[in-house]
Amino acid sequence: MKIYAINGSPRKNKNTATLLQKALDGVKEAAKDKEVETEIINLYDLNYTGCKSCFACKRLGGASYGKCAVKDDIQEVLEKVSQADGLIFGSPIYFGNITGQLQSFIERLIFPYLVYDENYSLIPPKKMPTAFIYTMNASEEFMDKSGYLSTFNKIESGLERMFTKPLVMYSNNTYQFDDYSKYKSNAFSEEAKAEHRKIQFPLDCQKAFELGANLIK
Ligand SMILES: Cc1cc2nc3c(=O)[nH]c(=O)nc-3n(C[C@H](O)[C@H](O)[C@H](O)COP(=O)(O)O)c2cc1C
């Protein structure tokens with residue numbers, strides 16, 4: 001069994017990556033005796049673009065029918081994650097959306113599996129379980145009233161149609177820098193942030209762990 005975490009953050013040891021690692025720890029714990037391999041794929045290490053609209057994935061009789069034909073760093077990654085037994089996506093929120101890097105990855109992953117027939121059939125090689133972890137500076141209240149959730153719902157319904165309905169968690173009010181006094185950041189109360197980091201982030205880590213465990217149940 002192979003479970004991948006797709007890190008849509010440029011940072012490899014901050015909020016998103018930490019929660020993805022906790023989710024993979026949860027996967028390992030729940031797997032118990034079953035052989036399970038886990039891997040984090042850091043998208044910002046890879047050189048690639050979004051879909052280039054070449055339509056090779058839809059060309060009748062073409063060698064790349066149903067597959068992405070663009071040759072770059074993620075061609076092999078797309079191949080291996082499409083055979084996974086579970087996918088956990090993670091992204092910081094940038095300007096109310098997931099990062100461009102993760103958006104580009106998802107375009108490349110799912111567009112080849114959408115068939116332009118009268119039913120818009122879907123041909124993913126596997127319907128694996130999925131999950132999504134969002135991390136953001138915004139509080140839960142701001143997230144609820146700002147329209148973020150409708151953006152997230154669109155992403156999730158794309159994944160649901162293609163694979164399965166994702167398990168979802170949010171980590172709000174995240175700590176952005178290690179030392180707030182070194183940055184122009186008087187929009188935030190460092191005290192309130194530090195308190196949230198101390199009390200809430202460990203709970204978010206536990207939630208991520210449980211999300212990972214539930215992914216393979
Ligand atoms: C370019 C940029 C844009 C951001 N835009 C938002 C935003 O619109 N809403 C929000 O809540 N947080 C925003 N943030 C904050 C990050 O989403 C948040 O700190 C996140 O947890 C960082 O994840 P990381 O620690 O894994 O990098 C932004 C951060 C950056 C760098």
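Residues numbered from 1 in each chain as written. Predicted model: local features only at pLDDT ≥ 70, side-chain atom pairs only at ≥ 80, totals over all residues. Heavy atoms only, no water.

Colleague: Pulling in residues and values, what's your account of empty space enclosed by the protein?
Modeller: If a probe as big as a water molecule is rolled over the atoms, it shows which places are left empty. Considering all chains together, one arrives at one cavity of 30 Å³ or more under this definition. Estimates place the volume of the largest cavity at around 80 Å³. Every residue lining the largest cavity is counted, 14 residues in all, and those nearest its centre are Cys51, Cys54, Cys57, Cys68 and Phe111. Grouping the amino acids of the lining of the largest cavity by side-chain chemistry returns nine nonpolar, one polar and four charged. (1 Å grid on protein atoms, 1.4 Å probe; cavity = no way out; pocket = protein on both sides within 12 Å on 5 of 7 lines; lining within 4 Å. Points joined across faces, edges and corners; volume = space filled by probe spheres on them. Nonpolar A, V, L, I, M, F, W, Y, C, P; charged D, E, K, R; others polar.)

Colleague: Which residues make up the nonpolar core, and what are the values?
Modeller: Counting residues in each nonpolar core, the largest one holds 34 residues, and the members touching the most others are Ile6, Val81, Phe89, Leu102, Phe105, Leu109 and Phe132. In this structure, Leu102 is in contact with Ile6, Gly8, Leu43, Tyr48, Phe89, Gly90, Ser91 and Phe132, ignoring residues within four places of it in sequence. Of all hydrophobic cores here, the second largest spans 19 residues; its members include Leu24, Ala131, Ile133 and Cys205. (Core = buried A, V, L, I, M, F, W, Y, C linked by side-chain atoms within 4.5 Å. Buried < 20%, exposed > 50% of the residue type's maximum accessible area, 1.4 Å probe, protein only. Contact = heavy atoms within 4.5 Å.)

Colleague: Pulling in residues and values, what's your account of unusual backbone geometry?
Modeller: Backbone geometry at Ser53 places phi at a positive 60°, although glycine is not the residue there. Here Ser53 is to be found in the loop between strand E2 (37-42) and helix H2 (75-81). Phi is positive for Asn173, which is not a glycine, with a value near 55°. (Helix = DSSP H or I, 4+ residues; strand = E, 2+ residues; numbered from the N terminus.)

Colleague: Just give me the short version of the state of the cysteines, but keep the residues and values in it.
Modeller: Summed over the entire model, instances satisfying the criterion amount to zero disulfides. Left without a disulfide partner, Cys57 is nearest to the cysteine sulfur of Cys54, which lies 6.3 Å away. (Disulfide = S-S within 2.5 Å.)

Colleague: Could you give an account of a nonpolar patch on the surface, naming the residues involved and the relevant values?
Modeller: Where nonpolar side chains cluster on the molecular surface, the patch consists of Tyr44, Tyr94 and Phe95 and spans about 390 Å² of accessible area. Mapping Tyr94 onto the fold places it in strand E3 (residues 86-94). With relative accessibility at 38%, the residue Tyr94 sits in the partly exposed group. (Patch = residues over 30% accessible without salt bridge, like charges linked within 9 Å, V, L, I, M, F, W, Y side chains within 5 Å. Areas by Shrake-Rupley, 256 points an atom, 1.4 Å probe, with all protein chains shown as cover. Salt bridge = Lys/Arg side-chain N within 4 Å of Asp/Glu carboxyl O.)

Colleague: Can you lay out the site of the ligand for me, pointing to particular residues and giving the numbers?
Modeller: The ligand sits among 17 residues. The nearest are Thr16, Ile93, Thr135, Tyr148 and Thr174. Interatomic distance of 2.9 Å between a side-chain N/O atom of Ser9 and an oxygen atom of the ligand. In isolation the ligand offers 640 Å² of accessible surface; the protein chains occlude 79% of this area. Residue assignment for the shell around the ligand shows that the elements contributing at least two residues are helix H1 (15-31) and E3. Looking at which element gives the most residues to the shell around the ligand, the answer is E3, with three residues. By residue class, the composition of the shell around the ligand is seven nonpolar, eight polar and two charged. (Near = heavy atom within 4 Å. Polar contact = N/O pair within 3.5 Å; in protein donor to acceptor, adjacent residues only side chain to side chain.)

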